[in-house]
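# Examination of the molecular architecture
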Amino acid sequence: STRCRFICMGLQDFEPAPDTYDVIWIQWVIGYLTDYDLVQFFKRMAKSLRQPDGCIFIKDNVCDDQAFLVDRDDSSIARSLPYLLALVEESGLRVVAKGQCLGDEMLRFQDDFPEAIFPVPMMALELDV
């Protein structure tokens, strides 16, 4: 479709135009950004959302027994959910509240994955205004 664009670029360098996107989908990539780069990325994505209903959707691994866990084999980091939510808040975003966007509070866990892997939350974010 002409309404969809695929952009191949490092997230730390992606700078979309303001008021451009209704939806931004981010899946299994934030673990490759430092905390600073992730906060800056979230801020740039927030500016690029069309208002008042633009949403950022995130689906990524979290660890559940530590603040974060570094994987030296693939140079990634799994953050705990509270740690990730603190970075979301620092970015000026929040989890979409009940009754907005798609209906319920938009923070749920993938429940059909094997227990041996990290928990995978899925969340919808919006500007915290």
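The preceding data block contains the structure.
Read on for a plain summary of the structure. Quick caveat: nothing in here was measured; it's all calculated off a predicted structure.

## Concerning the pairing of strand β5 (residues 76–80)
Looking along a regular strand, one sees side chains alternate from face to face of the sheet. Summarising burial for β5: five of the five residues are buried, a large majority. With burial as the criterion, each face of β5 is covered, one bearing S76, A78 and S80 and the other bearing I77 and R79. Across two bridges, strand β3 (residues 62–63) lies against β5 in parallel orientation. By the bridge assignment, C63 is partnered in β5 with S80. Note: strand β4 (residues 68–71) against β5, four bridges, orientation antiparallel. Looking across to β5, one finds that L69 is bridged to A78. Linkage of β4 to β5, two consecutive antiparallel strands, is achieved through a turn of four residues, within which S75 is found at a positive phi near 60°.

## Topic: the packing of helix α1 (residues 35–48) against helix α2 (residues 81–90)
Each pair of packed helices gets described by two things: the angle between the helix axes and the distance between those axes. Across the interface, α1 lies against α2 with an axial gap of 9 Å and an inter-helix angle of 50°. With respect to each other, α1 and α2 are oriented oblique. Handedness of the α1/α2 crossing: right-handed. Between α1 and α2, the contacting residues are D35, L38, V39, F42 and K43 on the first element and Y83, L84, L87, V88 and E90 on the second. Here the contact of α1 with α2 is built from residues that sort into seven nonpolar, no polar and three charged.

## A closer look at unusual backbone geometry
A cis amide bond links Q51 to the next residue, P52, at an omega of 15°. On the secondary structure map, P52 appears in the loop between α1 and β2 (55–59). Positive phi, close to 55°, is recorded for D19, a residue that is not glycine. Looking at the secondary structure, you find D19 in the segment before β1 (23–27). Although it is not a glycine, S75 sits at a positive phi angle of roughly 60°. Considering the arrangement of structural elements, one finds S75 in the loop between β4 and β5.

## Details of the sheet that holds β4
Spatially, β3-β5-β4 is the arrangement adopted by the three strands of the open sheet, whose pairing is mixed. Single-partner strands in this sheet number two, and they are β3 and β4. The strands that α2 touches are β3, β4 and β5; relative to β5, the one it contacts most, it runs at about 95°.

Thresholds applied
- Residues numbered from 1 in each chain as written.
- Predicted model: local features only at pLDDT ≥ 70, side-chain atom pairs only at ≥ 80, totals over all residues.
- Heavy atoms only, no water.
- Buried < 20%, exposed > 50% of the residue type's maximum accessible area, 1.4 Å probe, protein only.
- Helix = DSSP H or I, 4+ residues; strand = E, 2+ residues; numbered from the N terminus.
- Pairing = 2+ DSSP bridges.
- Axes fitted to C-alpha atoms, helices over the stretch in contact; angles between N-to-C directions.
- Parallel < 35°, antiparallel > 145°, perpendicular 65-115°, else oblique.
- Left-handed = near helix turned anticlockwise from the far one by under 90°.
- Contact = heavy atoms within 4.5 Å.
- Nonpolar A, V, L, I, M, F, W, Y, C, P; charged D, E, K, R; others polar.

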